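So the chains spell out like this:
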Amino acid sequence: MEKLKMGMVGGGEGSFIGAVHRRAALMDGQIELAAGALSSTPEKARRSGRALGLPERRNYGSWEEMLEGELALPEEERIDFVSIVTPNHMHFPVALAFVRAGIDVVCDKPLVHTSGQAGELVRAVEEAGVVFCVTYNYTGYPMVRQARHMVRSGELGEIRKVIVEYSQGWLVRRLEEAGDKQAAWRTDPALAGAAGAIGDIGSHAENLVATVTGLEISEICADLTTFVEGRRLDDDGNLLLRYEGGAKGVMISSQISTGEENNLSLRIYGTEGGLRWRQEEPNHLLFTPFGEPSRILRRGNPYLCEDARRATRLPAGHPEAFIEAFANLYLEVAAAIRARREGRAPERPPAFPTVYDGARGVHFIEKVVESSRSERKWLDARWRVPHPEGAEAPKG
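The present account deals with the structure reproduced in this document. (Residues numbered from 1 in each chain as written. Predicted model: local features only at pLDDT ≥ 70, side-chain atom pairs only at ≥ 80, totals over all residues. Heavy atoms only, no water.)

Moving on, we get to the sheet that holds strand β4 (residues 104-107). Here we have 5 strands laid out as an open sheet, ordered β2-β1-β3-β4-β5, and parallel in their pairing. Of all the strands in the sheet, just β2 (31-37) and β5 (132-134) have a single pairing partner and so form its edges. Sheet twist, expressed as the average angle between the axes of neighbouring strands with direction ignored, equals 20°. (Pairing = 2+ DSSP bridges. Helix = DSSP H or I, 4+ residues; strand = E, 2+ residues; numbered from the N terminus. Axes fitted to C-alpha atoms, helices over the stretch in contact; angles between N-to-C directions.)

Next up, the structure:
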């Protein structure tokens, strides 16, 4: 099988997430890095590309140069898709341009800055018919897939309560003033958007709940705080959520929780049982059926659902984690791209987050910020899929 050719925008010198994307994309031998515009300045971009061994003719100084250069190549030589791993403010122009050129896209989260941009991008994707993945990478964990299967198949009964927490402690000090690149752009409204912690990691929490449970938020009561003096965006968020159908939720999103590293955890409680999953121990899922002993389900075992087994590379007892979860999304994107190239339906429905998940996430961030600024206790937060004609249609 010929490898798919990936181009990358962003992810050069000093980038954490760009290196993760590259390792994940290349893990299963189906994708190769063929071209890149890896930084915001031509000199740094080309230096980054040389360090990764990119051929000079496809080591571009800017994303515009990359798009023009790739489109000038014979179709069989062009990149098959682009991976966008820039700060948030560049997601929209880059993604829109490549989509309109008919090139498939993998884009980091949050998708864009505003729902207006999200709507325009959704319509462009629908018109071009391209594959579009938003890398909410935690959905790639096998035990998240198992949790989704158990909730959707009714093993927990009717869902009553969901508690999701994403706590970090790395921004307890004002690192943005100390030369930390990652802190600098994440706390700058021009680059990150309208939200800080709630956009950076709260968007992951929202997507995790939606992926596993299928619940749709109807109302939000949010309290965002900027604890670090002089910081321009929120660094802590506490939310009460109401879901369609009556379930209730609690969400914590914090980057000033001293001592925490990457504590994303999910608890789901239904009429027949509960589930607990924690990203820092991702290979285990705790199932607590009503009136029965608790059970620990472990990754890599044959009793798991097909989706969980398919997302597993190693035998039981050999830990798999963050990069492998990322790689699952790229593997599924590769399958979808091959199916599109061959004019056929994918062998199974894509499990990766799509442009619609990204658009819903942008809507969520906007509503949280609006709720936090409002004196109203509850804010209507229902989301509607942008309709291709420009109007809006109910989800589904």
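Another aspect to go through is the layout of surface pockets. Of the pockets and cavities examined, the largest pocket occupies roughly 1100 Å³. For the largest pocket, the lining is made up of 45 residues, of which Glu332, Pro349, Pro350, Ala351 and Phe352 are closest to its centre. The element best represented in the lining of the largest pocket is helix α12 (residues 322-341), accounting for 6 residues. Here the lining of the largest pocket is composed, by residue class, of 23 nonpolar, 7 polar and 15 charged. (1 Å grid on protein atoms, 1.4 Å probe; cavity = no way out; pocket = protein on both sides within 12 Å on 5 of 7 lines; lining within 4 Å. Points joined across faces, edges and corners; volume = space filled by probe spheres on them. Nonpolar A, V, L, I, M, F, W, Y, C, P; charged D, E, K, R; others polar.)

Moving on, we come to helix α13 (residues 355-373). Helical periodicity: at 3.6 residues per turn, an α-helix aligns residues three or four positions apart in one direction. Taking 1.5 Å per residue, 19 residues should reach 27 Å; α13 reaches 28 Å between its end C-alpha atoms and fits that length. Within α13, 14 of the 19 residues are buried, which leaves it mostly tucked inside the rest of the structure. (Expected span 1.5 Å × (residues − 1). Buried < 20%, exposed > 50% of the residue type's maximum accessible area, 1.4 Å probe, protein only.)

If you look at the biggest cluster of nonpolar residues, it comprises 46 residues, and the most contacted ones within it are Ile198 and Phe364. Per-element accounting of this core gives the leading share, 5 residues, to helix α6 (residues 142-152). For Phe364, the residues in contact, after removing those within four places along its chain, are Ile198, Gly202, Glu206, Ile217, Ile220, Leu239 and Met251. Listed in part, the 35 residues of the second largest apolar core include Ala37, Tyr60, Ala118 and Leu121. (Core = buried A, V, L, I, M, F, W, Y, C linked by side-chain atoms within 4.5 Å. Contact = heavy atoms within 4.5 Å.)

This part is about the packing of helix α1 (residues 16-26) against α12. Packing of α1 against α12 brings their axes to within 8 Å, and their N-to-C directions diverge by 65°. Classified by chirality, the crossing of α12 by α1 is right-handed. Counted together, Phe16, Ile17, Val20, His21, Arg23, Ala24 and Ala25 of α1 and Phe322, Ile323, Phe326, Ala327 and Tyr330 of α12 form the full contact between these two elements. Its residues assigned to classes, the contact of α1 with α12 shows 10 nonpolar, 1 polar and 1 charged. (Left-handed = near helix turned anticlockwise from the far one by under 90°.)

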